[in-house]
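# Inside the fold
As a plain string of letters, each chain reads:
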Amino acid sequence: MLNRIRYRILVVVGIATTLGLIATIAFYSRSQEKTLLAQNEATMLKLTDTVTAGLHSVMLAGSADIAQAFSDRLKKVPEVTEFNIMRIDGLEAFRDNKTIKDVNARRGEEQFLPREVEEVRQIMKSDNPDLARAVDLIEPVPVYNTDALGNRQLVFIAPLANQSGCYKCHGRSQKVRGVMRLSTTLASVERDILKARQESLVLFAVALIATVLGTGYMLGRVVVRPIEKVTYAMSRVSGGDLDFKVSDLSTDELGRMGASFNKMTGELRNTDRKLRGEQDKLTTVIETATEGIIVTDSSGTVVLVNPAAA
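None of the values given here were measured: they were computed from a predicted structure. (Residues numbered from 1 in each chain as written. Predicted model: local features only at pLDDT ≥ 70, side-chain atom pairs only at ≥ 80, totals over all residues. Heavy atoms only, no water.)

### Notes on the overall build of the chain
Scanning the chain for helices and strands turns up seven helices and six strands. Starting at the N terminus and ending at the C terminus, the chain contains elements arranged as α-α-β-α-α-β-β-α-β-α-α-β-β. Over its C-alpha trace the chain gives a radius of gyration of 46 Å, far above what one expects of a compact globule, namely 19 Å for 310 residues. Among the 310 residues that make up the chain, the fraction classed as buried is 29%. When contacts within the chain are restricted to residue pairs at least 6 apart in sequence, long-range pairs at least 24 apart make up 55% of them. As displayed, the chain offers around 19,900 Å² of accessible surface, 58% of which is attributable to carbon and sulfur atoms. Each charge class in the chain was averaged separately, 40 positive and 37 negative side chains, and the resulting centres sit 3 Å apart. (Helix = DSSP H or I, 4+ residues; strand = E, 2+ residues; numbered from the N terminus. Rg over C-alpha atoms; globule rule 2.2 N^0.38 Å. Buried < 20%, exposed > 50% of the residue type's maximum accessible area, 1.4 Å probe, protein only. Contact = heavy atoms within 4.5 Å. Areas by Shrake-Rupley, 256 points an atom, 1.4 Å probe, with all protein chains shown as cover. Lys, Arg positive; Asp, Glu negative; His and termini not counted. Charge placed at Lys NZ, Arg CZ, Asp CG, Glu CD.)

### Looking at the nonpolar core
Soluble globular proteins: nonpolar side chains tend toward being buried together. Counting 19 residues, the largest nonpolar core has Leu55, Phe83, Ile85, Met180 and Val189 as its most contacted members. Where this core is concerned, the elements lending two or more residues are α1 (5-60), β1 (80-86), β3 (152-161), β4 (176-185) and α6 (187-238). The leading source of residues in this core is α1, at five residues. Core analysis: the second largest hydrophobic core is formed by 10 residues, Ile123, Leu131, Ala134 and Val143 among them. (Core = buried A, V, L, I, M, F, W, Y, C linked by side-chain atoms within 4.5 Å.)

### Brief notes about the packing of aromatic side chains
Considering all chains together, one arrives at one aromatic pair under this definition. For the ring pair Tyr232 and Phe244, a centre distance of 5.5 Å and an interplane angle of 80° mean the geometry is edge-to-face. One end of the pair, Tyr232, is in helix α6; the other, Phe244, is in the loop between α6 and α7 (253-288), with 12 residues separating them in the sequence. The class for Tyr232 is partly exposed, based on a relative accessible area of 45%. (Phe/Tyr/Trp six-rings, centres within 6.5 Å; stacked < 30°, edge-to-face > 60°.)

### Brief notes about the packing of α6 against α7
If you want to describe how two helices pack, look at the angle between their axes and the distance between the axes. Their axes nearest at 10 Å, the elements α6 and α7 cross at an angle of 10°. Relative to α7, the element α6 is oriented roughly parallel. On α7, the residues that touch Val222, Val223, Pro226, Ile227, Val230, Ala233, Met234 and Val237 of α6 are Leu254, Met257, Gly258, Phe261 and Thr265. Grouping the amino acids of the contact of α6 with α7 by side-chain chemistry returns 11 nonpolar, two polar and no charged. (Axes fitted to C-alpha atoms, helices over the stretch in contact; angles between N-to-C directions. Parallel < 35°, antiparallel > 145°, perpendicular 65-115°, else oblique. Nonpolar A, V, L, I, M, F, W, Y, C, P; charged D, E, K, R; others polar.)

### Structural notes on the sheet that holds strand β2 (residues 141-146)
Strands belonging to one sheet form pairs held by backbone hydrogen bonds; the direction of such a pair is parallel or antiparallel. Across the sheet, which stays open at both edges, the four strands sit in the order β1-β4-β3-β2 with antiparallel pairing between neighbours. In the strand order of this sheet, the two ends are held by β1 and β2, each with one partner. Strand-to-strand twist of the sheet, defined as the mean angle between neighbouring strand axes without regard to direction, takes the value 20°. In this structure, β3 lies alongside β4, joined through nine bridges in antiparallel fashion. Residue pairing across strands places Ile157 opposite Arg181, the latter belonging to β4. (Pairing = 2+ DSSP bridges.)

### Let's talk about the side chain of Asn40
Locating Asn40 in the fold gives a position in helix α1. When neighbours within four sequence positions are excluded, Asn40 is seen to be in contact with Leu154, Leu186 and Val189.

### Focus: the side chain of Asn262
For Asn262, the position within the fold is in helix α7. Contacts of Asn262, omitting those with residues within four sequence positions, involve Lys245, Val246 and Leu249.

### A short note on unusual backbone geometry
One non-glycine residue, Ile138, adopts positive backbone phi at about 55°. Within the secondary structure, Ile138 is located in the loop between α4 (129-137) and β2. Given a relative accessible area of 36%, Ile138 falls into the partly exposed group.

### Here's the deal with the confidence of the model for the chain
Summary statistics for the chain give a mean pLDDT of 81 and a share of 91% for residues scoring 70 or more. For the chain, per-element mean pLDDT is lowest for helix α2 (residues 64-74), which scores 66, and highest for α4, which scores 91. (pLDDT = per-residue confidence, 0-100.)

### Regarding the pairing of β2
The side chains of a regular strand alternate, residue by residue, between the two faces of the sheet. In the sheet, β2 pairs with β3 via six bridges, with the strands oriented antiparallel. Paired with Tyr144 across the strands is Leu154, a residue of β3.

### Quick word on the pairing of β1
Summarising burial for β1: five of the seven residues are buried, a large majority. Alignment of β1 against β4, held across six bridges, turns out to be antiparallel. Pairing of Val80 across the sheet is with Thr184, part of β4.

Structure follows, in structure tokens:
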């Protein structure tokens, strides 16, 4: 079956179409993934900006204990896997008395009471490049990484700028008073990406089947059928039917090939008629000759004996 040109063309078209669609679907899927990640990043950036603004409002009001409660509450949001407020050296804020002592010393009064229990938690290393970049740029820095369980997550490292309202307690020496670290899971985004990939595979299968069938049908009508007509005409002529012609000729190359074939068979018919006419003349001469004539072929077999010879 594969010896027929129709099926060979279908195989070639199928392979070429498959490769083209695979490249297209891969590009489309990658674009979808980038779009979904970008949309999620934009959403989380807005959340980060909102939280940052809320923290600034709380801190400017002088309610550090409320800021700590605010931080602890954010950790319980389902989409937030981790939330921390750090100093610029990566130590978690609101856990020890260092800042309280500095503020009380600067203000010259015991306005903030020290904590009875202190904790020292290193959230990020002080030389972490992402932390340093957020502090230097004074703008949120998105970081994609994987947690201990192998789940992908998006981490925003957002600096808390030292605004004019903060100078009374913290002075002007530092441009950044602290850093907020907000981690969110990418599970929902990955589900959307997986769904988009599945839809792309379905689209790929439908497009491949439709393209192969449609292309095969059109090629069959436009290319394969004219070739099969000429092939059939050749077999008829080679079997001795010199009167057979290729019909329904088009104006393209295949049509001109069929016209050339019809012209060739016409010349063969003319040559055959001429040869038959000459043969009839020769036969008449031999038959009417008064002398005996015997004609043999190359093997010596007698092929013709005129009446005189008989």
